[in-house]
Amino acid sequence: MVRFSVVIGAWALLFVLLLMGPWIEAPRAAEPREDAWIETIIDREAGAPPPYQGEMILVTVKGYYHNLRIGKETLSTPSTASFDWVQLGRDSWTDTMVDGRKYTLVTRKLAMFPRASGKLTIEPFLHHLTLIGEDGKWFTRNITSSPVTLEVLPPPPDPSRSWWLPARSITYSDVWDRDPATLKDSETATRTVTITALGANPQTLPPAPAMRERWLITFNEPEQRTVQPTEAGPETTVTWIWRLRPITGEPGVIPEVRIPWFDTKDRVPKEIVLAAASIGNVGFGNNTTAHWVNHFEGALPLTLVALTGVLLGLWLTLYERTLVIRLPDPIGWGKDIYRTWSHRQALRKALVSKDPTGIHRAAWRLLASQKRTPTCAMIQAMADLDRTLHARSSPQDGVDFYKAIRKAFLGYTKVR
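What counts, and where the lines are drawn
- Residue numbers here run from 1 along each chain, matching the order of that chain's written sequence.
- The predicted nature of this model means local features are confined to residues of pLDDT at least 70 and side-chain atom pairs, given and counted, to a pLDDT of 80 or more, with totals for whole chains, interfaces and linings taken over all residues.
- For side-chain calculations, the full set of non-hydrogen atoms in the structure is used, while hydrogens and water are omitted.
- Numbering of helices and strands runs from the N terminus; a helix is a DSSP stretch of H or I covering at least four residues, while a strand is a stretch of E covering at least two.
- Exposure categories follow from relative accessible area, calculated using a 1.4 Å probe and restricted to protein chains: below 20% of the type maximum is buried, above 50% is exposed, and the middle band is partly exposed.
- What makes two residues a contact is simply this: any of their non-hydrogen atoms within 4.5 Å.
- Following DSSP output, two strands are said to pair if at least two bridges run between them.
- Only buried Ala, Val, Leu, Ile, Met, Phe, Trp, Tyr and Cys residues count toward a nonpolar core, and they belong to the same one when joined by side-chain atoms within 4.5 Å.
- Lines are fitted to the C-alpha atoms to define the axes, a helix being fitted only along its stretch in contact, and any angle between axes, read from their N-to-C directions, falls within 0 to 180 degrees.
- Any pair of Phe, Tyr and Trp rings, taking the six-membered ring for Trp, is counted once the centres come within 6.5 Å. Such a pair is stacked with planes under 30 degrees apart, edge-to-face with planes over 60 apart, and tilted for the rest.
- Residues enter patches when their relative accessible area tops 30% and they take part in no salt bridge; the joining distance is 9 Å for like charges and 5 Å for the nonpolar side chains Val, Leu, Ile, Met, Phe, Trp and Tyr.
- Here the Shrake-Rupley method, with its probe set to 1.4 Å, supplies the accessible areas, and only the displayed protein chains count as covering residues.
- In what follows, salt bridge is the name for a side-chain nitrogen of Lys or Arg lying within 4 Å of a carboxyl oxygen of Asp or Glu.
- Across the chain, each position has a pLDDT score giving the predictor's confidence in that residue, from 0 to 100.
- In the analysis that follows, any N or O atom pair within 3.5 Å is treated as a polar contact, provided that within protein one partner can donate a hydrogen and the other can accept it, and provided that, for residues neighboring in sequence, both atoms belong to side chains.

Caption draft 1: Structural detail: the overall build of the protein chain. The helix and strand inventory of the protein chain stands at seven helices and 20 strands. A buried classification covers 34% of the 416 residues belonging to the protein chain. The contacts in the protein chain between residues at least 6 apart in sequence include a share of 69% that link residues at least 24 apart.

Caption draft 2: Broad picture of the environment of Lys137. Take Lys137: it is sitting in the loop between strand 8 (126–132) and strand 9 (138–144). Relative accessible area serves as the criterion here: at 58%, Lys137 is assigned to the exposed category. Excluding residues within four positions of it along the chain, Lys137 makes contact with Leu131 and Ile132.

Caption draft 3: Highlighting the sheet that holds strand 19 (residues 268–274). Reading across from one edge, 11-18-19 is the order of the three strands in this open sheet, with mixed pairing throughout. A single partner strand is all that each edge strand has here, and the edge strands are strand 11 (166–167) and strand 19. As judged from the seven bridges shared by strand 18 (residues 257–263) and strand 19, these two strands associate in the antiparallel manner. Bridge pairing in strand 19 places Trp261 opposite Lys270.

Caption draft 4: Just the nonpolar core, in detail. The biggest cluster of nonpolar side chains holds 23 residues, and the ones touching the most others in it are Ile170, Ile195, Trp240 and Ile272. Mapped onto this core, the elements with two or more residues apiece are strand 13 (189–198), strand 16 (233–246), strand 18 and strand 19. Sequence-distant contacts of Trp240, defined by excluding residues within four places in its chain, comprise Arg191, Thr192, Val193, Ile195, Pro206, Pro207, Ala208, Pro209, Glu223 and Ile259. Counting 20 residues, the second largest nonpolar core, distinct from the first, contains Val59, Ile122, Ile143 and Leu150.

Caption draft 5: Highlighting the side chain of Thr239. Mapped onto the elements of the fold, Thr239 is located in strand 16. Leaving out residues up to four positions away in the same chain, Thr239 has contacts with Thr192, Val193, Thr194, Glu223 and Gln224.

Caption draft 6: A look at the sheet that holds strand 8. Ordered by their spatial adjacency, three strands build an open sheet running 3-8-9, and the pairing between neighbours is antiparallel. Either end of the sheet is taken by a strand with one partner, and the two such strands are strand 3 (70–76) and strand 9. Here the strands of the sheet are splayed against their neighbours by 15° on average, with no regard to which way each runs. Across seven bridges, strand 8 lies against strand 9 in antiparallel orientation. Each residue of the ladder has a partner; that of His128, found in strand 9, is Asn142.

Caption draft 7: Up close: the packing of aromatic side chains. Going through the model one piece at a time under the given rule, you end up with seven aromatic pairs. Look at Tyr52 and Phe262: their rings are 5.3 Å apart centre to centre, the planes differ by 85°, and that puts the pair in the edge-to-face class. Here Tyr52, found in the loop between strand 1 (36–42) and strand 2 (57–65), pairs with Phe262, found in strand 18; they are 210 residues apart in sequence, far enough to count as distant. Under the relative-accessibility criterion, Phe262 is labelled buried at 6%.

Caption draft 8: Structural detail: a nonpolar patch on the surface. Side chains of Leu304, Leu307 and Leu311 sit close together on the surface and give an oily, nonpolar patch of about 290 Å² of accessible area. In this fold, Leu311 is placed in helix 3 (residues 300–318). When its relative accessible area of 51% is taken as the criterion, Leu311 is described as exposed.

Caption draft 9: Focus on the confidence of the model for the protein chain. Across the protein chain, pLDDT averages 80, with 75% of residues at or above 70. Note on residues 324–329: pLDDT is under 50 here. Beyond four places in sequence and across chains, it has one contact. Across residues 392–398, where pLDDT falls below 50, the model places two contacts with residues more than four positions away in sequence or in other chains.

Caption draft 10: Inspection of the environment of Ser162 at higher detail. Turning to its location among the elements, Ser162 is positioned in the loop between strand 10 (148–152) and strand 11. Overall, the relative accessible area of 66% leaves Ser162 in the exposed class. Once the C-alpha coordinates of Ser162 and Pro260 are considered, the two residues, 98 residues apart in sequence, prove to be 8.0 Å apart.

Caption draft 11: Representation of the environment of Pro234. Of note, Pro234 is situated in strand 16. Excluding anything up to four places from it in sequence, Pro234 contacts Met56, Val86, Leu88, Ala111, Phe113, Ala197, Leu198, Gly199, Ala200, Val227, Gln228 and Pro229.

Caption draft 12: Representation of the pattern of salt bridges within the structure. For the structure shown, the criterion picks out 15 salt bridges. Across the salt bridge formed by Glu187 and Arg178, the nearest N and O atoms sit 3.3 Å from each other. Glu187 sits in the partly exposed class, given a relative accessible area of 23%. Where Glu271 meets Arg258, a salt bridge forms, and the shortest distance between an N and an O atom there is 2.7 Å. Of the two residues, Glu271 is situated in strand 19 and Arg258 in strand 18; the sequence distance between them amounts to 13 residues.

Caption draft 13: Looking closely at the side chain of Glu55. Tracing the backbone through its elements, the reader meets Glu55 in the loop between strand 1 and strand 2. Given the relative accessible area of 4%, Glu55 is considered buried. Among the polar contacts made by the side chain of Glu55, one reaches the side chain of Arg267 at a distance of 2.7 Å. Apart from the residues within four sequence positions on either side, Glu55 is in contact with Arg44, Met112, Phe113, Pro114, Pro166, Thr264 and Arg267.

Caption draft 14: A look at unusual backbone geometry. In this structure, Ser186 takes a positive phi of about 65° despite not being glycine. Tracing the chain through its elements places Ser186 in the loop between strand 12 (169–176) and strand 13. Since its relative accessible area comes to 40%, Ser186 is described here as partly exposed. One non-glycine residue, Arg267, lies in positive phi territory at about 60°. With respect to the element layout, Arg267 can be found in the loop between strand 18 and strand 19.

Structure follows, in structure tokens:
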């Protein structure tokens, strides 16, 4: 009896399953991916803070293509007012497997720099394909990515900062071609500063700082900027060159220069410091009071001589006496007069021939022979002449400085 009940139950269950068969669905296989798509990936660590305005954002664009015969293609980076961008090398074409299917993978790496803060959108990338069909005919197809939105923070407030320069790392060098504190007469010192910033927008590197003093002639060479794409981002190098010459020879100090920047790797502000530098003629320092006093330390005889001189001067002053010492040297005077006359003649000839180099050499020699402090007109005329020489101007560009040199050094303006 029990066996009969079991058989009846089994047949009943089989009958019910047969009746419900049309409504029971078998497990479906996973939907296959499309034969082509593009994705935009922001290469940023999970949990990293939002980027600042101007900070580099690494972006990878990947295009997947299955069983497509591509004859020609153009992958366009969207033009947008929200970002500057630099492509980091050429596109790579490789094969990859996705869900058991073979795809051609096109990869492009870019560095993008947000121009503003807030919610910014990276617009879709467009891949324009020209495909070859099975019948050999060509046809076009456009594949686009989805837009990507991200949050961008404004630069951290800092009233003392005059320039916002975010970068992953910065290295720099500050080189003089000679010791600027020991220049000889008419010598020029060249200062070269090179800054290399990794992961920085080339437009965010500051211009060359001003190195101008009233006692200094400064000529700036045109700056040189280069950008080298790397896997870690663009590497921007800027080189500044100054040619410096003191006018009076008196030692002066070029103050230090501080250039702030923000380390996006450590998330802290840092500075580039160009050290202060002394600049002047080598012979001028030997006449300083400090150097003169050092020779009297521990020397009793010399100290007594100095004290005697002081007492003699005091006596002459109190009793209104005059001490006259005449040392005639007609030969020396004649040499000085002839030397000055010959330098004036050389300057006249250089002015007539309009030779800037000869004018420069003759003017400096005339100043040295006269042994007197140059006037403001002389200093200004020489400064204009130096700028013309360094800028390699043509003689027509220097008409004004010819007249200024002639008036300041020779006392007349017309050609004789």
